[in-house]
Protein chains: 2
Amino acid sequence: MTKSSGRGGRPRASSRRTLEDAAGELFLEQGYARTTIDQIAQRAGVGRNTFFNYFATKSDLLWLDVDDTLRALPEVLAAVPAGLAPSAALREALLELAARHPHRGIPLALSQRETIGAEAEFRASGLERFLGVAAELGEFLAARSGRSPGDRLVHAASSAAVAALVSGAAGWALAGVERGALVEAVREAVDPVCLGYAPLLDAGPAVTR
Amino acid sequence: MTKSSGRGGRPRASSRRTLEDAAGELFLEQGYARTTIDQIAQRAGVGRNTFFNYFATKSDLLWLDVDDTLRALPEVLAAVPAGLAPSAALREALLELAARHPHRGIPLALSQRETIGAEAEFRASGLERFLGVAAELGEFLAARSGRSPGDRLVHAASSAAVAALVSGAAGWALAGVERGALVEAVREAVDPVCLGYAPLLDAGPAVTR
């Protein structure tokens, strides 16, 4: 808590980081529910409008490193080699995404859950992210497998894959200092899903559906 | 909308059903957000306290048939033959659960989504149910596989299985009048998950973990 708090004159590029720090401090000092956006902006030495230049809602501040990683998903998907079978491409994308996440990037809502007390908000805002990732993976799987984006198998596979990803990542985040590598936790969780859907996903488009 | 609205003197056993009907009418007439618990109780001809005898929140009224089915989960799990391997036991439980659900039991929030406009509430209250079912399946899988309830593989498998279950059930619910049997849609979605985790789940407890 010795970091300097910004008060004007600070270069624009650091406003985002200053807001993140201010929010983290306030959440730890007084809990998530009692912290307002105005308080965060005031602590960061910026106006309320500046807050909304960087964040859409207060709950975005529960997801900082995770959101940075998820923003890379389109790039990760585009970089998956075209020659891979759909199930292997899905696996590759999930492991690459995990590999990009910073080792210390554990949401405060998990690492400081008792202090911050944001469980319901964290779950609800997590669900939005879950559904967003599942939709992106669904489009990717559809394109790679020659199926339609509304295909039931594509939907089930992408849903199950994200659930396994979240399970692996949450287990890793809650495992304490000996948590090892995220990519290993994710591999352990998602490999069976990719394996299980492989015979159907990799067989090409369904003949009638 | 020709059903009689209750006004006192009605036998206690039907208060629940009367409240369900009143809520459904009001949601369709004026949307979910604008309907209050007091309005539902008034339309049903009962007091506010009676409402809370049957439902904890307004959002419970979005899940009627689904909640009836989910309440049977402990019974379904207990009835799964002891001789089945853990992955086969998981599959059996999910299919039996789907088989018990009434064919017309599609949540109004899905079948009348534009009219009712409860998407955010439906998602959030659905997440609570998702996590509850995943926890129940996790305990079941742990017991059947000789692993601990906190085991990572058990957590990933139960999460992925529920995600596939929800995917299959949602696809079925949204498929319109030619939706076929729920159990078939669920089978198609969850079979790959059970297949994929089978080699690990069915191999017995991990030696070191």
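Cut-offs used in this document
Residue positions are given per chain, counted from 1 along the sequence in the order it is written. Whichever chain is written first becomes A and whichever ligand is written first becomes 1, with later ones labelled in order. Only residues with pLDDT of at least 70 are given local features in this predicted model, and only at 80 or more are side-chain atom pairs given and counted; all residues enter the totals for whole chains, interfaces and linings. Only hydrogens and water are set aside; all other atoms, that is, all heavy atoms of the structure, feed into the side-chain values. Superposing the copies works by least squares over the C-alpha atoms of residues that have pLDDT at least 70 in both of them. Only heavy atoms enter the contact rule, under which two residues are in contact if any of them lie within 4.5 Å. Where each domain starts and ends comes from a domain assignment, either automatic or drawn from a database. Note on definitions: buried area is the accessible-area loss of two parts on being combined, 1.4 Å probe, summed for both. When a carboxyl oxygen of Asp or Glu lies within 4 Å of a side-chain nitrogen of Lys or Arg, that pair is called a salt bridge. Here a polar contact is recorded for every N or O atom pair within 3.5 Å, except that within protein the pair must consist of a potential hydrogen donor and a potential acceptor, and residues adjacent in sequence are included only if both atoms are side-chain atoms. A helix here means a DSSP run of H or I that spans at least four residues, while a strand means a run of E at least two residues long, and both kinds are numbered starting from the N terminus. Residues are grouped as follows: nonpolar covers Ala, Val, Leu, Ile, Met, Phe, Trp, Tyr, Cys and Pro; charged covers Asp, Glu, Lys and Arg; every other residue, Gly included, is treated as polar.

Asker: Tell me about the relation of the copies chain B and chain A, residues and numbers included.
Answerer: For the pair chain B and chain A, the best superposition has an RMSD of 0.0 Å and corresponds to a rotation of 180° with a translation of 0.0 Å parallel to the axis. In symmetry terms, the pair is related by a two-fold rotation axis. Taking C-alpha positions as reference, the residue of chain B nearest the rotation axis is Gly196 of chain B, located at 1.8 Å. The share of interface residues of chain B whose copies in chain A are also at the interface is 100%, consistent with both copies meeting through the same surface.

Asker: Report on the domain arrangement of chain A, specifying residues and quantitative values.
Answerer: Residue and element names in this part refer to chain A. When its domains are assigned, chain A resolves into domain 1 (12-55) and domain 2 (62-201). Counting residues at the interface gives eight residues for domain 1 and 10 residues for domain 2. Of all residues in domain 1, Phe27, Leu28 and Tyr32 bury the most surface against domain 2, accounting for 64% of the area lost on that side. For the interface between domain 1 and domain 2, the tally reads one salt bridge. A salt bridge links Arg16 to Asp68; its shortest N-O distance comes to 3.5 Å. Across the domain 1-domain 2 interface, the total number found is two residue pairs in polar contact (both at pLDDT 80 or more).

Asker: Residues and numbers for the interface of chain B and chain A, please.
Answerer: Between chain B and chain A, the residue contacts involve 27 residues of the former and 27 residues of the latter. Its largest share of buried area at the contact with chain A, chain B owes to Arg123, Arg152 and Glu188 of chain B, together 27% of the area lost on that side. On the surface where chain B and chain A come into contact, there are three salt bridges. Among the salt bridges present, the one from Glu128 of chain B reaches Arg123 of chain A, with a minimum N-O distance of 3.0 Å. Applying the counting rule to chain B against chain A returns eight residue pairs in polar contact (both at pLDDT 80 or more). Of all elements in the fold, only helix 9 (119-145), helix 10 (152-173) and helix 11 (182-201) of chain B reach the threshold of two or more residues within the side of chain B that touches chain A. The leading source of residues in the side of chain B that touches chain A is helix 10 of chain B, at 10 residues. Taken together, the residues that form the side of chain B that touches chain A break down as 16 nonpolar, five polar and six charged.

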